[in-house]
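Results of the structural survey
Residues per chain are reported as follows:
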Amino acid sequence: MNKSSIGAYRVLHPSATMAVALMATTCAGLYSNAVRAQDSATAVSASASGGTSHGHHAQSATSTTPARTVPQAEATPVATAPTAAAPAQGAGTTVASPKSKMEEIYVRAQRRLLREKDSPSAATVLGEDHIRQAGITGSIVSILRDAPSVNVYSQGIGNNEPVMSIRGARGSEVASTLDGVPMQDLLNGGSGGYLNSIIGGRFNLDQISGVTIMPGVAYPASTTFGTIGGTIDYHSLRPAQKRQIDIFGSLGSYGTYNEGFQFDSGKLNGWMGEGINAPRLMIKYSNMQTRGYIDHTPARYNNMEFAFDKPYDDGMSLFQLTALYNTGSGKFVAEPLPIAYLNEYGKYANYDPSQAFSSENNDYFTLILKNDKYINDYITAGVTGFYEFSDSTMESYANPAAFAPNGGSGAYDPPGTSIFAQNPAGFGEQGLYGYGNLFYDPQVYTYDGASRFPAGSAACPSSVANMWSAAGQASPCGYNAQLSYTRTDTYGIRPRLTITPPTVWGIQQTIKVGALIAKETGNSSPTYAWGTSNIPRTSSNLISGYDGGPQRVMYQGYFQDKIDLFKNTLHITPGFVVEGTQSSLTGSKIYGGTVPAGLASSAYCQQYGCGTGAYSAHKWDREWLPFINVTYDLDKVLPAAKGLSLYGSWGNSALYAPTSDFSPEVMGSVPNASIVHMAEGGIKYNRSNLTVSIDYFYQKIDRDFGMFNYQSGPDAGMSIYTNAGQRAMKGEEMSVVYQVEGSKNR
């Protein structure tokens, strides 16, 4: 949410785009935001949504022409054909020149890629020009706002985790990919667990070359795991054809600055290949720091990408390596502040860190190895292997004076309001820890905040302790600070095969089959309590997350057949996805688990009771998800309607319960997958520099998740999860993109 920028010393490409995006449904009325100009682009956007989904506020938009059909590495053979002299020819022998050979290869590649291209749908494609116009101070949110299906924002300045909805479905219900590799958390959806990985992200705006937003249900070959809202497919930034170095930077208000460099090697002619087969590499680094426009929310981001492309088979095949390492650290607002507080101190006010703060320190690493092999004019085989990890450390602190008994106003809040902090004292649970209390375990959870930070100590003023004692409640001292550490590791493989059989009776087919197998493991998110900031991570102040953790293995196979009929005017694309998951949670010290017999018979447990023990839960899910798209191009019937297509799609997709639902405190079993049934139809016009898209959609979600929590009685604290819910979203979407001036290839 970059509010202003004072200047930049990088020259941007002077292309200009005008775009209009509109989304409307039946409930929430019409909203509009101020129109803004950015770089040389002008945009207008308005939207509204309804049915039973959330309203979509209008977003300022810039846009660009759809991303190139032909991948960069495969689109360049003609311009880079080798010019070496042809070998001596014998009498009567005819050998094609290198130039004609390259032209033949190029034509074959173009023909194959055009056949592989999916038929029109409600997808929105935002390309390199669009990213360029967002500027070097932009973020992922800057471009997602311009899709008519998306409502998105993020907190603060920088590449923070987007909070979004697509057609009313929450961000945790939306899938995201980078070059076909799942980027969302497979365990819990979105960026992971509650308030996890808020600062920074797995990739930044300056590490991508484009994005395709596919609302609802994507084509089977483009789908990924766990979504009922849609799929956002990002495309990584690749090495340029020419050798160059780009040094860039920007200065902005609120102490914001960004600097970095990008080095492209161009073609490295040598032992690995010459000309079109020559490898290329790119190294890019950027650093951004900001004071934050919200008080006391400084942040710093470091982003690094290494990309390597190696074409072979005369450019018909391509190997790619992508490595991303990003970090983000800073303070943020974990919960909305009371309106009375903002009215008194200002709309960008926030607690001083000596009063309260939440902070994160996050690391993200992604490695993708991708190879697409040209077998012949009818078969292309590919495989992608990937590994990702994320480390997230979150700290939450509030001064003991910030709390008051019975939810009253503390020392830093206006009357009638109270602070909320992400720690035991913030939840009012300080009385559940320590010797003789519910969450105490004499073997591992032995921390006692009251004895570690007694009344009258530097971190627990007597006035605070006495106030709580007089109310007959446990003091927040020693439980007013918390640190949690979450680690996830994801690895997998995605094989695929594209078959383009010869044309028979004027009928063309493009068959895509493939699979995705991935596994994500997480730690138990060990959590530590303390009475001051700078919380130590030792066994003596551990209060949960002793060992174990969740894991999920997902298996997916897909089939898709695009059938082109009637001189390539009618396109029918049936397909399906079959997927399954194996999810589990294990641990030896989970509250509500089975207490070991030896511990249960101890004197402590006999007197006070023990509640932590071993727990293990496993669940299998399997779903069959059909899909079909029908598209008719009008240009053969009405030459004046060239570029105009009518389309309709119907399909299913599934969202699986997060592994955080596995708990001894859940009565019964974890819910089954929720299923979305999507139907959409629309008109798409794509000609020269103008693209117009209008569609209507209807999405019904069956077996939606629901829960009930017992607040009293013998089952107090227990929950019931069900699949008894239903949701429906419907509406109209419209987007208009006009490219004033074409872009130049990198």
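Above this text you will find the structure in question.
Report follows, based on the coordinates. (Residues numbered from 1 in each chain as written. Predicted model: local features only at pLDDT ≥ 70, side-chain atom pairs only at ≥ 80, totals over all residues. Heavy atoms only, no water.)

To continue, consider the sheet that holds strand S8 (residues 163–166). The antiparallel open sheet is built from 3 strands, whose spatial order is S7-S8-S9. In this open sheet, the two strands that pair with only one neighbour each are strand S7 (150–153) and strand S9 (169–170). When S8 meets S9, the two strands line up antiparallel, connected through 2 bridges. Its bridge partner lying in S9, Ile166 is registered against Ala169. (Pairing = 2+ DSSP bridges. Helix = DSSP H or I, 4+ residues; strand = E, 2+ residues; numbered from the N terminus.)

On to the packing of aromatic side chains, then. Throughout the structure, instances matching the rule amount to 27 aromatic pairs. For the pair Tyr387 and Phe389, a centre-to-centre distance of 6.4 Å together with 50° between the ring planes defines the contact as tilted. Note on Phe708 and Tyr710: the rings are 5.0 Å apart at their centroids and 90° apart in plane angle, and the pair reads as edge-to-face. For Phe708, a relative accessible area of 48% gives the class partly exposed. Ring-pair connections join several aromatic residues into one group, and the members of that group are Tyr433, Phe439, Tyr447, Phe453, Tyr479, Trp530 and Tyr591. The residue whose ring lies beneath Arg537 is Tyr485, and the NZ or CZ to ring-centre distance is 4.6 Å. (Phe/Tyr/Trp six-rings, centres within 6.5 Å; stacked < 30°, edge-to-face > 60°. Buried < 20%, exposed > 50% of the residue type's maximum accessible area, 1.4 Å probe, protein only. Lys NZ or Arg CZ within 6 Å of the ring centre and 35° of its normal.)

On to a nonpolar patch on the surface. On the surface, Val383, Ile493, Ile517, Tyr555 and Trp620 cluster together to form a nonpolar patch covering roughly 450 Å² of accessible area. For Trp620, the position within the fold is in strand S27 (residues 612–633). On the accessibility criterion, Trp620 (49% relative accessible area) is partly exposed. (Patch = residues over 30% accessible without salt bridge, like charges linked within 9 Å, V, L, I, M, F, W, Y side chains within 5 Å. Areas by Shrake-Rupley, 256 points an atom, 1.4 Å probe, with all protein chains shown as cover. Salt bridge = Lys/Arg side-chain N within 4 Å of Asp/Glu carboxyl O.)

This part is about the environment of His235. Within the fold, His235 resides in strand S13 (residues 230–236). The partly exposed category is assigned to His235, whose relative accessible area is 21%. Considering only alpha carbons, one finds His235 and Leu178, 57 residues apart in sequence, at a separation of 5.7 Å. Those residues in contact with His235 that lie beyond four places of it in its chain are Leu178, Asp179, Ile208, Ser209, Gly210, Val211 and Thr212. (Contact = heavy atoms within 4.5 Å.)

As a further point, take the environment of Pro476. Relative to the helices and strands, Pro476 resides in the loop between helix H7 (462–470) and strand S21 (481–499). With a relative accessible area of 1%, Pro476 lands in the buried category. Sequence separation between Pro476 and Gly531 is 55 residues; the distance between their C-alpha atoms is 8.5 Å. In this structure Pro476 touches Pro400, Phe403, Ala425, Gln430 and Trp468, once residues within four positions along its chain are discounted.

Consider a sheet: its strands pair through backbone hydrogen bonds, and that pairing is either parallel or antiparallel. With mixed pairing, the 5 strands of this open sheet are ordered in space as S6-S12-S13-S10-S11. Each of the sheet's edge strands pairs with one partner strand only, and the pair in question is strand S6 (124–126) and strand S11 (181–182). Sheet analysis places S6 next to strand S12 (residues 208–215), joined by 3 bridges and oriented antiparallel. The partner of Thr124 across the bridge, within S12, is Ile213.

Next up on the list: the state of the cysteines. Simply put, disulfide is the name for a covalent bond between the sulfur atoms of two cysteines. Counted under the stated rule, the structure contains 2 disulfides. Between the sulfur atoms of Cys460 and its disulfide mate Cys477 the distance is 2.1 Å. Given an S-S torsion of about 85°, the disulfide between Cys460 and Cys477 has right-handed geometry. With Cys460 in the loop between helix H6 (449–452) and H7 and Cys477 in the loop between H7 and S21, this pair connects stretches of sequence that are 17 residues apart. Summarising the burial analysis for this pair, Cys460 and Cys477 share the class buried. A sulfur-sulfur separation of 1.8 Å characterises the disulfide bridge that pairs Cys605 with Cys610. One disulfide, between Cys605 and Cys610, carries an S-S torsion of -80° and so falls in the left-handed class. With respect to burial, Cys605 and Cys610 carry one shared label: buried. (Disulfide = S-S within 2.5 Å.)

Let's shift gears to the nonpolar core. In this structure, Tyr351, Phe403 and Tyr447 are the most contacted members of the largest nonpolar core, which totals 47 residues. In terms of nonpolar packing, the next biggest core, distinct from the first, is built from 39 residues, Ile166, Leu205, Ile368 and Ala654 among them. (Core = buried A, V, L, I, M, F, W, Y, C linked by side-chain atoms within 4.5 Å.)

Scanning all chains against the criterion turns up 17 salt bridges. The partner of Asp309 in a salt bridge is Arg280, and the shortest N-O contact between them spans 3.5 Å. With Asp309 in strand S17 (residues 299–312) and Arg280 in strand S16 (residues 280–290), the pair connects residues that are 29 residues apart, well separated along the chain. Here Asp309 and Arg280 have matching classes, each one buried. Between Glu623 and Arg703 there is a salt bridge whose closest N-O contact spans 2.8 Å. You can see Glu623 sitting in strand S27 and its partner Arg703 sitting in strand S31 (residues 690–709), a full 80 residues away along the chain. According to the relative accessible area criterion, Glu623 is buried, its value standing at 15%. Residues joined by salt bridges that share partners form a network here, namely Arg167, Glu680, Asp695 and Glu733.

Below, the discussion takes up H7. The set of residues buried in H7 consists of Val464, Ala465 and Trp468. One side of H7 holds all its buried residues, which, seen down the axis, span an arc of 95°. Residues of H7 that are exposed and angled more than 90 degrees away from the buried face: Ser463, Ser469 and Ala470. Phi for Gly472, located one or two positions after H7, is positive at around 75°. (Arc of directions from axis to C-beta.)

Look at Phe566: it is not a glycine, yet its phi comes out positive at around 50°. Within the secondary structure layout, Phe566 lies in the loop between strand S25 (549–565) and strand S26 (570–591). Although it is not a glycine, Arg703 adopts a positive phi angle of roughly 55°. According to the relative accessible area criterion, Arg703 is partly exposed, its value standing at 31%.

Turning to the pairing of S25, a few remarks are in order. Across the 17 residues that make up S25, a large majority, 12, are buried. As judged from the 14 bridges shared by strand S22 (residues 508–522) and S25, these two strands associate in the antiparallel manner. Pairing of Ile511 across the sheet is with Asp561, part of S25. The pairing of S25 with S26 spans 15 bridges and is classified as antiparallel. Bridge pairing in S26 links Phe559 to Phe576. Linking S25 back to S26 in an antiparallel pair, the connection comprises 4 residues, with Phe566 at a positive phi of about 50°.

Spatial relationships are all this shows, so hold off on functional conclusions.
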